[in-house]
Amino acid sequence: MAQNGSEAGPLVAGVAGRYASALFELARDERQIDAVAEGLNQFDGLLKESADLRRLVRSPAFTPNEQEAAIGAVLDRAGIGGLAGNFIRLAASNRRLFALPGMIAAFRSLVQDSKGIVRAEVRVAERPSDALIEEIKASLRDVAKADIDLDLVVDPSLIGGLVVRMGSRMIDASLKTKLNGIRLAMQAAR
(Lines give C-alpha, C1' and ligand atoms only; values in the text may rest on other atoms or scores of the structure.)
Protein backbone atom coordinates (compact mmCIF):
# COMPACT_ATOMS: atom_id res chain seq x y z
CA MET A 1 0.00 0.00 0.00
CA ALA A 2 1.18 3.50 -0.79
CA GLN A 3 1.23 6.23 1.86
CA ASN A 4 -2.08 7.63 0.69
CA GLY A 5 -3.73 4.27 1.26
CA SER A 6 -4.08 3.35 -2.40
CA GLU A 7 -2.59 0.25 -3.92
CA ALA A 8 0.92 0.80 -5.20
CA GLY A 9 1.00 0.90 -8.99
CA PRO A 10 2.46 2.83 -11.86
CA LEU A 11 2.96 6.51 -11.26
CA VAL A 12 0.45 8.58 -13.19
CA ALA A 13 0.60 12.29 -12.62
CA GLY A 14 -1.09 15.47 -13.65
CA VAL A 15 -4.54 15.99 -15.07
CA ALA A 16 -4.21 13.05 -17.48
CA GLY A 17 -3.11 10.71 -14.71
CA ARG A 18 -5.89 11.71 -12.33
CA TYR A 19 -8.58 11.29 -14.96
CA ALA A 20 -7.12 7.97 -16.16
CA SER A 21 -6.87 6.63 -12.60
CA ALA A 22 -10.47 7.56 -11.86
CA LEU A 23 -11.65 5.94 -15.11
CA PHE A 24 -9.58 2.83 -14.45
CA GLU A 25 -11.02 2.42 -10.95
CA LEU A 26 -14.57 2.86 -12.25
CA ALA A 27 -13.98 0.46 -15.16
CA ARG A 28 -12.47 -2.10 -12.77
CA ASP A 29 -15.41 -1.79 -10.37
CA GLU A 30 -17.86 -2.17 -13.26
CA ARG A 31 -15.78 -5.01 -14.78
CA GLN A 32 -15.51 -3.11 -18.05
CA ILE A 33 -11.77 -2.51 -18.39
CA ASP A 34 -11.51 -4.19 -21.80
CA ALA A 35 -14.62 -2.45 -23.17
CA VAL A 36 -13.36 0.95 -22.00
CA ALA A 37 -9.90 0.26 -23.43
CA GLU A 38 -11.47 -0.69 -26.76
CA GLY A 39 -13.52 2.53 -26.87
CA LEU A 40 -10.54 4.69 -25.97
CA ASN A 41 -8.37 2.92 -28.54
CA GLN A 42 -11.03 3.48 -31.18
CA PHE A 43 -11.16 7.20 -30.34
CA ASP A 44 -7.35 7.38 -30.31
CA GLY A 45 -7.36 5.86 -33.80
CA LEU A 46 -9.79 8.56 -34.93
CA LEU A 47 -7.48 11.20 -33.44
CA LYS A 48 -4.51 9.83 -35.35
CA GLU A 49 -6.45 9.76 -38.62
CA SER A 50 -8.11 13.19 -38.49
CA ALA A 51 -6.25 16.49 -38.38
CA ASP A 52 -9.59 18.25 -37.84
CA LEU A 53 -10.36 16.15 -34.76
CA ARG A 54 -6.85 16.79 -33.39
CA ARG A 55 -7.39 20.51 -33.91
CA LEU A 56 -10.74 20.35 -32.10
CA VAL A 57 -9.16 18.50 -29.17
CA ARG A 58 -6.13 20.78 -28.87
CA SER A 59 -7.49 24.21 -29.69
CA PRO A 60 -8.88 26.49 -26.98
CA ALA A 61 -10.48 28.61 -29.72
CA PHE A 62 -13.61 26.45 -29.73
CA THR A 63 -16.27 27.22 -27.13
CA PRO A 64 -17.17 24.52 -24.61
CA ASN A 65 -20.54 24.05 -26.33
CA GLU A 66 -18.89 23.68 -29.74
CA GLN A 67 -16.44 21.11 -28.39
CA GLU A 68 -19.13 19.13 -26.57
CA ALA A 69 -21.42 19.08 -29.63
CA ALA A 70 -18.64 18.10 -32.03
CA ILE A 71 -17.25 15.40 -29.73
CA GLY A 72 -20.76 14.06 -29.15
CA ALA A 73 -21.33 13.82 -32.90
CA VAL A 74 -17.98 12.04 -33.41
CA LEU A 75 -18.71 9.56 -30.61
CA ASP A 76 -22.22 8.87 -31.89
CA ARG A 77 -21.03 8.36 -35.46
CA ALA A 78 -18.19 6.07 -34.36
CA GLY A 79 -20.47 4.12 -32.01
CA ILE A 80 -18.32 4.82 -28.97
CA GLY A 81 -20.58 4.68 -25.94
CA GLY A 82 -20.63 3.33 -22.43
CA LEU A 83 -17.99 4.39 -19.95
CA ALA A 84 -15.48 5.33 -22.66
CA GLY A 85 -17.97 7.60 -24.44
CA ASN A 86 -19.14 9.15 -21.19
CA PHE A 87 -15.53 9.71 -20.14
CA ILE A 88 -14.66 11.52 -23.38
CA ARG A 89 -17.83 13.63 -23.08
CA LEU A 90 -16.85 14.48 -19.49
CA ALA A 91 -13.40 15.57 -20.63
CA ALA A 92 -15.07 17.83 -23.21
CA SER A 93 -17.51 19.34 -20.73
CA ASN A 94 -14.68 19.98 -18.24
CA ARG A 95 -12.52 21.65 -20.95
CA ARG A 96 -9.92 18.88 -20.67
CA LEU A 97 -9.91 17.62 -24.25
CA PHE A 98 -6.33 18.87 -24.67
CA ALA A 99 -5.27 16.24 -22.12
CA LEU A 100 -7.25 13.39 -23.69
CA PRO A 101 -4.30 11.77 -25.56
CA GLY A 102 -2.36 11.70 -22.27
CA MET A 103 -5.40 10.29 -20.46
CA ILE A 104 -5.69 7.50 -23.01
CA ALA A 105 -1.97 6.68 -22.72
CA ALA A 106 -2.14 6.70 -18.91
CA PHE A 107 -5.22 4.44 -18.97
CA ARG A 108 -3.39 2.00 -21.27
CA SER A 109 -0.46 1.98 -18.88
CA LEU A 110 -2.75 1.19 -15.94
CA VAL A 111 -4.44 -1.62 -17.89
CA GLN A 112 -1.11 -3.13 -18.94
CA ASP A 113 0.21 -2.96 -15.39
CA SER A 114 -2.93 -4.61 -14.01
CA LYS A 115 -2.60 -7.45 -16.52
CA GLY A 116 1.15 -7.87 -16.11
CA ILE A 117 1.83 -6.80 -19.70
CA VAL A 118 5.15 -5.18 -20.56
CA ARG A 119 5.26 -2.59 -23.34
CA ALA A 120 8.12 -2.81 -25.82
CA GLU A 121 8.94 -0.51 -28.70
CA VAL A 122 10.80 -2.06 -31.60
CA ARG A 123 12.18 0.24 -34.32
CA VAL A 124 13.11 -1.39 -37.62
CA ALA A 125 14.26 -0.10 -41.00
CA GLU A 126 11.47 -1.89 -42.88
CA ARG A 127 8.40 -3.85 -41.88
CA PRO A 128 9.40 -7.44 -41.03
CA SER A 129 7.31 -10.49 -41.84
CA ASP A 130 4.63 -11.57 -39.39
CA ALA A 131 6.73 -14.64 -38.53
CA LEU A 132 9.70 -12.44 -37.60
CA ILE A 133 7.46 -10.18 -35.51
CA GLU A 134 6.27 -13.26 -33.60
CA GLU A 135 9.91 -14.33 -33.06
CA ILE A 136 10.75 -10.88 -31.69
CA LYS A 137 7.72 -11.01 -29.36
CA ALA A 138 8.70 -14.49 -28.17
CA SER A 139 12.27 -13.37 -27.45
CA LEU A 140 11.07 -10.31 -25.56
CA ARG A 141 8.53 -12.43 -23.66
CA ASP A 142 11.38 -14.72 -22.55
CA VAL A 143 13.44 -11.74 -21.35
CA ALA A 144 10.58 -9.95 -19.60
CA LYS A 145 8.94 -13.10 -18.23
CA ALA A 146 5.61 -11.43 -19.09
CA ASP A 147 3.25 -10.85 -21.99
CA ILE A 148 4.43 -8.18 -24.40
CA ASP A 149 2.54 -5.31 -26.01
CA LEU A 150 4.69 -4.64 -29.05
CA ASP A 151 4.76 -1.23 -30.68
CA LEU A 152 6.45 -1.65 -34.06
CA VAL A 153 7.88 1.54 -35.58
CA VAL A 154 9.33 1.61 -39.09
CA ASP A 155 12.29 4.00 -39.25
CA PRO A 156 14.17 3.80 -42.59
CA SER A 157 17.05 5.89 -41.16
CA LEU A 158 18.20 2.78 -39.22
CA ILE A 159 19.30 1.22 -42.56
CA GLY A 160 19.00 -2.27 -41.04
CA GLY A 161 18.81 -4.11 -37.74
CA LEU A 162 16.59 -2.96 -34.90
CA VAL A 163 16.35 -0.88 -31.74
CA VAL A 164 14.37 -2.28 -28.80
CA ARG A 165 13.11 -0.31 -25.81
CA MET A 166 11.49 -2.19 -22.99
CA GLY A 167 10.99 -0.34 -19.75
CA SER A 168 14.26 1.35 -18.87
CA ARG A 169 16.29 -1.00 -21.10
CA MET A 170 17.37 -0.22 -24.65
CA ILE A 171 19.24 -2.42 -27.10
CA ASP A 172 20.50 -0.74 -30.27
CA ALA A 173 21.48 -3.31 -32.88
CA SER A 174 20.89 -1.02 -35.84
CA LEU A 175 23.21 -0.82 -38.81
CA LYS A 176 23.20 2.97 -38.49
CA THR A 177 24.69 2.80 -34.98
CA LYS A 178 27.28 0.20 -36.04
CA LEU A 179 28.35 2.35 -39.00
CA ASN A 180 28.61 5.41 -36.76
CA GLY A 181 30.80 3.38 -34.37
CA ILE A 182 33.10 2.37 -37.22
CA ARG A 183 33.27 5.97 -38.45
CA LEU A 184 34.24 7.18 -34.98
CA ALA A 185 36.86 4.43 -34.61
CA MET A 186 38.37 5.37 -37.97
CA GLN A 187 38.50 9.05 -37.02
CA ALA A 188 40.24 8.17 -33.75
CA ALA A 189 42.80 6.06 -35.63
CA ARG A 190 43.96 9.00 -37.76
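Residues numbered from 1 in each chain as written. Predicted model: local features only at pLDDT ≥ 70, side-chain atom pairs only at ≥ 80, totals over all residues. Heavy atoms only, no water.

Caption draft 1: The arrangement of the overall build of the protein chain in detail. Scanning the protein chain from terminus to terminus reveals eight helices and four strands. In terms of overall dimensions, the protein chain has C-alpha extents of about 65 × 40 × 35 Å along its principal axes. Across the 190 residues that make up the protein chain, the buried fraction comes to 31%. When contacts within the protein chain are restricted to residue pairs at least 6 apart in sequence, long-range pairs at least 24 apart make up 64% of them. Working note: accessible area of the protein chain is about 11,700 Å², and carbon and sulfur atoms make up 52% of it. Mean positive and mean negative side-chain charge positions of the protein chain (25 and 24 charges, respectively) differ by 7 Å. (Helix = DSSP H or I, 4+ residues; strand = E, 2+ residues; numbered from the N terminus. Buried < 20%, exposed > 50% of the residue type's maximum accessible area, 1.4 Å probe, protein only. Contact = heavy atoms within 4.5 Å. Areas by Shrake-Rupley, 256 points an atom, 1.4 Å probe, with all protein chains shown as cover. Lys, Arg positive; Asp, Glu negative; His and termini not counted. Charge placed at Lys NZ, Arg CZ, Asp CG, Glu CD.)

Caption draft 2: Representation of the packing of aromatic side chains. Within the structure shown, the criterion is met by two aromatic pairs. Judged by centre distance (6.2 Å) and plane angle (70°), the ring pair of tyrosine 19 and phenylalanine 87 falls under edge-to-face. With tyrosine 19 in helix 1 (residues 14–29) and phenylalanine 87 in helix 5 (residues 82–93), this pair connects stretches of sequence that are 68 residues apart. Side by side, tyrosine 19 and phenylalanine 87 carry an identical accessibility label, which is buried. Ring plane angle 65° and centroid distance 6.1 Å describe the contact between phenylalanine 24 and phenylalanine 107, whose orientation is recorded as edge-to-face. (Phe/Tyr/Trp six-rings, centres within 6.5 Å; stacked < 30°, edge-to-face > 60°.)

Caption draft 3: How the structure looks around unusual backbone geometry. In the Ramachandran plot, arginine 31 falls in the positive-phi region, its phi being about 55° despite a non-glycine side chain. Tracing the backbone through its elements, the reader meets arginine 31 in the loop between helix 1 and helix 2 (33–49). In this model, arginine 95 sits at a positive phi of 60°, which is unusual for a non-glycine residue. Looking at where arginine 95 falls in the secondary structure, it is placed in the loop between helix 5 and helix 6 (100–115).

Caption draft 4: View of the nonpolar core. If you look at the biggest cluster of nonpolar residues, it comprises 33 residues, and the most contacted ones within it are Leu40, Phe43, Ile71, Leu100 and Phe107. If you list the elements that add at least two residues to this core, you get helix 1, helix 2, helix 3 (51–58), helix 4 (64–78), helix 5 and helix 6. It is helix 6 that contributes the most residues to this core, seven residues altogether. Contacts of phenylalanine 107, omitting those with residues within four sequence positions, involve Ala20, Leu23, Phe24, Ala27, Ile33, Val36, Ala37 and Leu40. (Core = buried A, V, L, I, M, F, W, Y, C linked by side-chain atoms within 4.5 Å.)

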